[in-house]
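Coordinate analysis (summary)
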Amino acid sequence: MMATINLNPKKSPNLMENHSGNQWVKLNVGGTYFLTTKTTLSRDPSSFLSRLIQEDSDLISDKDENGAYLIDRDPRYFAPVLNYLRHGKLVLDGLSEEGVLEEAEFYNVTHLITLLRESISSRDTRPALDKKKVYRVLQCQENELTQLVSTMSDGWRFEQLVNIGTQYNYGSEENAEFLCVVSKECLTPLVGREQESNDRAKVLQQKGSRM
């Protein structure tokens, strides 16, 4: 029994639909190549990208020597736009929302434009965090003052110096002891020991100002 070989080069409708639905497209955005599919670029039918890849496109776009569509835009801000078309999520990865919005408006990705505008509006109306000032009191001798002040770091600043050596007779003037009040601005509410240090430092500042 002889086998029958189909020499018809035409493919079945299912294969043709599968092939055309996943046809790869190369984009050259500001010198950076992006490889994606027609399916991804067609997620928003009214977008610049969807219109660009249509066979009867009314857009005029050159291609480079590798067959990639040439688009003169910033590739950094194009990546979040393309990823949004791929999976429907906005991932900024440290980029400014305004920069990505500029690209979303250029490519006319309508849902992404709405999402970014809402995100920017929410960010701008969010109340700023109140800065709280933390006070700490450090006890030291006179010969330790220079080292103490010079080694302060991590945002701590010198506020007030209170001499307690003479008042409490802790020693001679040369070895008098001091209370050094330092402060630091924080964005979180103060609790526990830090709040206690805060209150104590304010009392010492008032006391020191009267000396």
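Here's what I pulled together on the structure shown here. Note that this is a predicted model, so its numbers are computed, not measured.

With that settled, the discussion passes to the packing of aromatic side chains. This model, assessed by the stated rule, comprises five aromatic pairs. Each ring, one from Phe48 and one from Phe106, has its centre 5.5 Å from the other, and the planes form 45°; the classification is tilted. With a gap of 58 residues between them, Phe48 in helix H3 (residues 48–52) and Phe106 in helix H5 (residues 97–107) connect regions that are remote in the sequence. On the basis of relative accessible area, Phe48 is assigned to the buried category, the value being 17%. Judged by relative accessible area, Phe106 falls into the partly exposed class, the value being 35%. Ring geometry for Phe106 versus Tyr107: centroids 4.9 Å apart, planes at 85°, classification edge-to-face. Among the aromatic side chains, those forming a connected cluster through ring pairs are Phe34, Phe48, Phe78, Phe106 and Tyr107. The lysine or arginine in question, Lys63, covers the ring of Tyr69, its NZ or CZ lying 4.6 Å from the ring centre. The aromatic ring of Phe106 is capped on one face by Arg73, whose charged end is 4.0 Å from the ring centroid.

Our next topic: the pairing of strand S1 (residues 24–29). One ladder, built from six bridges, connects S1 with strand S2 (residues 32–37); its direction is antiparallel. Among the inter-strand pairings, Val25 is bridged to a residue of S2, identified as Thr36. If you look at the hairpin formed by S1 and S2, you'll find two residues sitting between the two strands, and Gly30 has a positive phi there, around 55°. Here three bridges tie S1 to strand S3 (residues 69–71), and the two strands are oriented parallel to one another. Across the sheet, Val29 pairs through a bridge with Ile71, a residue of S3.

Conventions and cut-offs
- Residues numbered from 1 in each chain as written.
- Predicted model: local features only at pLDDT ≥ 70, side-chain atom pairs only at ≥ 80, totals over all residues.
- Heavy atoms only, no water.
- Phe/Tyr/Trp six-rings, centres within 6.5 Å; stacked < 30°, edge-to-face > 60°.
- Helix = DSSP H or I, 4+ residues; strand = E, 2+ residues; numbered from the N terminus.
- Buried < 20%, exposed > 50% of the residue type's maximum accessible area, 1.4 Å probe, protein only.
- Lys NZ or Arg CZ within 6 Å of the ring centre and 35° of its normal.
- Pairing = 2+ DSSP bridges.

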